[in-house]
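Tertiary structure, described
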Amino acid sequence: MSRKMGIPLRVGVAGCGSIAQVIHIPILKKHPDVNLQALCDLDASKAAILADKFAIPHIYEDIDDMLNREDLDAIFILTPNSLHLPMSLLALEYGVHLF
């Protein structure tokens, strides 16, 4: 990943459960070098509420759709453990860095 200094990382979050709501999203939104662009969760209403609360412009119900439409530098996979591997492999196919 080659980035110019001062350009925020474009980040997405997959999984909008309690760990995302309480820890990751609030910290990412406060970080000056991060642009939190999109949330993805099977529960679209939960994602929409969080997107509204934290001023995140895009929500998705499908990670493949999010990765295809958003130009992300990194993604936080905050889903149940059983989904980490398939979602991580998909993100890597799109050239997106993982957390």
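Parameters at a glance
Residues numbered from 1 in each chain as written. Predicted model: local features only at pLDDT ≥ 70, side-chain atom pairs only at ≥ 80, totals over all residues. Heavy atoms only, no water. Salt bridge = Lys/Arg side-chain N within 4 Å of Asp/Glu carboxyl O. Helix = DSSP H or I, 4+ residues; strand = E, 2+ residues; numbered from the N terminus. Buried < 20%, exposed > 50% of the residue type's maximum accessible area, 1.4 Å probe, protein only. Lys, Arg positive; Asp, Glu negative; His and termini not counted. Polar contact = N/O pair within 3.5 Å; in protein donor to acceptor, adjacent residues only side chain to side chain. Contact = heavy atoms within 4.5 Å. Pairing = 2+ DSSP bridges. Axes fitted to C-alpha atoms, helices over the stretch in contact; angles between N-to-C directions.

**Observations concerning the pattern of salt bridges**
What the rule picks out here adds up to 3 salt bridges. For Asp73, the salt bridge is made with Arg10, and the minimal N-O distance between the two is 2.6 Å. Within this pair, whereas Asp73 is found in the loop between helix H3 (63-69) and strand E4 (74-77), its partner Arg10 is found in strand E1 (residues 9-14), the two being separated by 63 residues in sequence. Residue class for Asp73 comes out buried when judged on its relative accessible area of 8%. Shared partners join several salt bridges into a network, and the residues in it are Arg10, Asp71 and Asp73.

**Topic: the side chain of Glu70**
One can find Glu70 in the loop between H3 and E4. Of the buried charged residues, Glu70 lacks a salt bridge, with Arg69 as the closest side chain of opposite charge at 7.2 Å. In this structure the side chain of Glu70 is engaged in a polar contact, spanning 3.0 Å, whose partner is the side chain of Gln37. In this structure the side chain of Glu70 is engaged in a polar contact, spanning 2.5 Å, whose partner is the side chain of Tyr60. Setting aside residues up to four positions removed in sequence, Glu70 forms contacts with Gln37, Ala38, His58 and Tyr60.

**Examining the sheet that holds strand E2 (residues 34-40)**
Strand-to-strand pairing in sheets goes through backbone hydrogen bonds, with the strands running parallel or antiparallel. If you walk across this open sheet you meet the 5 strands as E3-E2-E1-E4-E5, and the pairing is parallel. Lying at the two open borders of the sheet, with one neighbouring strand each, are strand E3 (58-60) and strand E5 (97-98). For E1 and E2, the ladder comprises 6 bridges, and the chain directions are parallel. Paired with Leu9 across the two strands is Val34, which belongs to E2. Strands E1, E2 and E4 of the sheet are contacted by helix H1 (residues 18-30), whose axis makes an angle of about 145 degrees with E2.

It is worth stressing that arrangement in space is one thing and function is another; only the former is reported here.
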